[in-house]
Amino acid sequence: MERYYQKDIECADRASIQAIQDERLIKQVRHVWEKVPFYRHKMEEAGLTPSDIHSTADLHKLPFISKDDLKDQYPYGLLGKPLKECVRIQSTSGTTGKRVVAFYTQHDIDIWEECCARAIVAAGGTDEDVVQISYGYGLFTGGPGLNGGSHKVGSLTVPTSSGNTDRQIMFIMDLQSTILCCTPSYAAYLGERMKEMGYTPDQIPLKAGIFGAEAWSEEMRTDIEKTLGIKAYDIYGLTEISGPGVSFGCSAQNGMHINEDHFIAEVIDPETGEVLPDGEYGELVFTCIDKEAFPLIRYRTRDICYLTHEKCSCGRTHVRMSKPKGRTDDMLIIRGVNVFPSQIETVLMNNGYAANYQIIVDRVNNTDTLDVHVEMTPEMFTDNLGEIQERQNVLVDDLKSMLGLKAKVTLVAPKSIARSEGKAVRIIDKRKI
Amino acid sequence: MSIKQISVFLVNKPGTLKNMTGVLAAHDVDLRALSLAETKEYGIARLVADDTFHALNVLRDADFVASVNSVIAAEVPDEPGALDNLLQIFAEEDVNIEYMYSFVLSGEDKSAGMIFRVSDADTAEPKLRNKGLRILSQDDIAQI
Ligand SMILES: [Zn+2]
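In what follows, the accompanying structure is described. (Residues numbered from 1 in each chain as written. Chains lettered and ligands numbered in written order. Predicted model: local features only at pLDDT ≥ 70, side-chain atom pairs only at ≥ 80, totals over all residues. Heavy atoms only, no water.)

So, about a negative patch on the surface. Judged by side-chain charge, E387(A), E390(A), D397(A) and E98(B) come together as a negatively charged surface patch. In terms of residue count, the dominant contributor to the negative patch is helix α11 (residues 385–403) of chain A (3 residues). Mapped onto the elements, E387(A) comes out in helix α11. (Patch = residues over 30% accessible without salt bridge, like charges linked within 9 Å, V, L, I, M, F, W, Y side chains within 5 Å. Areas by Shrake-Rupley, 256 points an atom, 1.4 Å probe, with all protein chains shown as cover. Salt bridge = Lys/Arg side-chain N within 4 Å of Asp/Glu carboxyl O. Lys, Arg positive; Asp, Glu negative; His and termini not counted. Charge placed at Lys NZ, Arg CZ, Asp CG, Glu CD. Helix = DSSP H or I, 4+ residues; strand = E, 2+ residues; numbered from the N terminus.)

Before going further, it helps to examine the sheet that holds strand β4 (residues 156–158) of chain A. Residue and element names in this part refer to chain A. Pairing within the open sheet is mixed, and its 9 strands lie in the order β4-β3-β5-β6-β7-β8-β9-β14-β13. The strands lining the two open edges of the sheet, one partner per strand, are β4 and β13 (307–308). Note that strand β9 (residues 256–258) and strand β14 (residues 320–321) share 2 bridges and pair antiparallel. Bridge pairing links H257 to R320 in β14. Packing against the sheet, helix α5 (residues 106–122) makes contact with β5 (179–182), β6 (208–212), β7 (231–238) and β8 (243–249), and its axis sits at approximately 35° to β8. Where helix α9 (residues 218–228) meets the sheet, its contacts fall on β5, β6 and β7, and the angle it forms with β7 comes to roughly 130°. (Pairing = 2+ DSSP bridges. Contact = heavy atoms within 4.5 Å. Axes fitted to C-alpha atoms, helices over the stretch in contact; angles between N-to-C directions.)

All names here are of chain A. With respect to the helices, strands and loops of the structure, R320 is situated in strand β14. No salt bridge is formed by the buried R320. Its closest oppositely charged neighbour is E310, at 4.9 Å. A distance of 3.0 Å separates the side chain of R320 from the backbone oxygen of N254, its partner in a polar contact. Polar side-chain contacts of R320 include one of 2.9 Å to the backbone oxygen of E310. Contacts of R320, omitting those with residues within four sequence positions, involve N254, G255, M256, H257, Y306, L307, T308, E310, K311 and C312. (Buried < 20%, exposed > 50% of the residue type's maximum accessible area, 1.4 Å probe, protein only. Polar contact = N/O pair within 3.5 Å; in protein donor to acceptor, adjacent residues only side chain to side chain.)

Here we come to the sheet that holds strand β12 (residues 299–305) of chain A. Residues and elements named next belong to chain A. One open sheet accounts for 4 strands, arranged β10-β11-β12-β15; its pairing is antiparallel. The sheet terminates laterally at β10 (263–268) and β15 (326–327), the two strands that pair on one side only. Note that β12 and β15 share 2 bridges and pair antiparallel. In the strand pairing of β15, I304 is matched with G326.

This next bit is on the coordination of the zinc ion. Residue and element names in this part refer to chain A. Only C250 (SG), H257 (NE2), C312 (SG) and C314 (SG) from the protein coordinate the zinc ion, and they sit 2.1 to 2.2 Å from it. Classification of the site at the zinc ion as tetrahedral follows from its 4 donor atoms and the range of 101 to 112° in their angles at the metal. Here the donor residues of the zinc ion share one chain and are spaced in sequence as C-x6-H-x54-C-x1-C. One exposure class covers both C312 and C314, and it is buried. (Donors = N, O, S within 2.8 Å, 3.2 Å for Na, K, Ca; no water. Tetrahedral: all angles 85-135°; square planar, octahedral: opposite > 155°, others 65-115°.)

On to empty space enclosed by the protein, then. Residues and elements named next belong to chain A. Throughout the structure, instances matching the rule amount to 2 cavities of 30 Å³ or more. Of the pockets and cavities examined, the largest cavity occupies roughly 80 Å³. Taken together, L70, Q73, Y74, P75, G77, L78, R99, V100, V101 and F294 make up the lining of the largest cavity. Counting residues per element, the ones that place at least two in the lining of the largest cavity are α4 (67–73) and β2 (99–105). Residue composition of the lining of the largest cavity, grouped by class: 7 nonpolar, 2 polar and 1 charged. Approximately 50 Å³ is the volume found for the second largest cavity. As for the second largest cavity, its lining consists of V29, V32, Y39, K42, M43, L62, P63 and I297. For the lining of the second largest cavity, the elements supplying multiple residues, two or more each, are α2 (14–35) and α3 (37–45). It is α3 that contributes the most residues to the lining of the second largest cavity, 3 residues altogether. Considered class by class, the residues forming the lining of the second largest cavity number 7 nonpolar, no polar and 1 charged. (1 Å grid on protein atoms, 1.4 Å probe; cavity = no way out; pocket = protein on both sides within 12 Å on 5 of 7 lines; lining within 4 Å. Points joined across faces, edges and corners; volume = space filled by probe spheres on them. Nonpolar A, V, L, I, M, F, W, Y, C, P; charged D, E, K, R; others polar.)

Glancing now at the packing of aromatic side chains. Under the defined criterion, the tally for this structure stands at 14 aromatic pairs over all chains. Relative to W112(A), the ring of Y104(A) lies with its centre 5.2 Å away and its plane at 25°, an arrangement referred to as stacked. The two residues Y104(A) and W112(A) agree in class, both being buried. Pairing F263(A) with F286(A) gives two aromatic rings, centres 6.5 Å apart and planes at 75°, and the pair type is edge-to-face. Linking F263(A) in strand β10 with F286(A) in strand β11 (residues 282–288), this pair joins segments that are 23 residues apart in sequence. Its relative accessible area of 0% is what places F286(A) among the buried residues. A cation over an aromatic ring shows up here: R426(A) above the ring of Y357(A), its NZ or CZ 4.4 Å from the ring centre. One Lys or Arg, R46(B), reaches over the ring of Y99(B) and ends 3.6 Å from the middle of that ring. (Phe/Tyr/Trp six-rings, centres within 6.5 Å; stacked < 30°, edge-to-face > 60°. Lys NZ or Arg CZ within 6 Å of the ring centre and 35° of its normal.)

Next comes the structure, spelled out in structure tokens:
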């Protein structure tokens, strides 16, 4: 039976959600107009005052804010509350290397942790579960967010943080951890390692995993579910908006419910800024309607996904977003063709290999070149050079049919691809350097 | 009776072979034989160690991709035509050699060892032995 952390709000009817959003949006716009000069200037430039915003139907009138705005306003320019009322920061390095620092009041932390608690309960978590959190702790939101959520649910929280695989496995087995929270690539790695150590899925006590903070494919989900013997749930979030739990997967495993009582989602055409209807892929935009310290309005996430208001079998009524298929800034245009890293991941997974890759784009003699570095895995290796080359050629062929353009495949040593804060660096675009 | 060989994936970059031998040395693995096969970008190091499973474990712990397979190790006397005679036997018995490499056997007779990778070491070996070839066991290798 489906369980909920806050059934009243998670399963509220559309009119109630709408009413909450209208009320909170109006209040939030007034708040930023008064407290954040940056917003007042932006609204004035657009010829708007708070009295122009009567409901969410007026949301589209408000100007967007972008990652560049965050950079320009770093560190205190977007503060919506005096520092005296702020209790925490979290920070992330953007893909361009510029840091984002987000502020939280205690109220903001509570909202965030509640969202994570909803995600944990949606994954089957109760106060009897042992939740092992193998996301990094510290400035990164992954560890602290799920940690707070797990406390709210009343689960036994095991804050292992990331890394030290053998110790992670020791805790899973010794404490009989039932829910694992980490990045999908780390879950895949843990699974491989446990398999190597001789653990079969039915010996592994885990029943569910909550995985996010990087792109992963359905193939990867199936793979992780098989090796660890679990059901794998998505979680989505970003530091700018709060952290993990902005949206989360449910038993339907078909999109992630956005916590609409806190965040309004829109999908826009990244070129024109026009709001797109349900089902159409575009850039995801969030408005925080009840956050206090870092109240972003129409923040462009650069994530590409679509929304659906269709009824979900789990009983939750909040809008669902598809798993992002890429980022506007990850989307590579190579010889005029749009390429997303997730497509490369799919090819690798379909061939039975771990998705440890890096894309290197360059321009040689005015032609774009695409070189996919793939870490050698035991599955790909044989004692016969000819067979390895054959497998390399199969990857070249599969990439060609997936992407519609020819890529070079370079086999590299295991664990040789650079990682940054636990996330593999997937793209190196030398055309921009 | 065939012996175990470890194959290791190496990228063709300065220092990668040294990294591998460094790991083995740090864990007191004694190499009996080593050969390299390579393309422009990567290669396979094939090695026979005194303790195969210890060597395999330390390599995997150091993040090398490595596999184990069976090969035939035969003694080749230090006399003219010895290798030719040996290959003649393989030909007569219709055993196809994928690759081979030599290593040094200690001892007064100064004989050499040859490692042969054949498609099916376990069926090839008795045939070769019946022809009078001296085939080395894993114990022989450990004791070199
Ligand atoms: Zn649902």
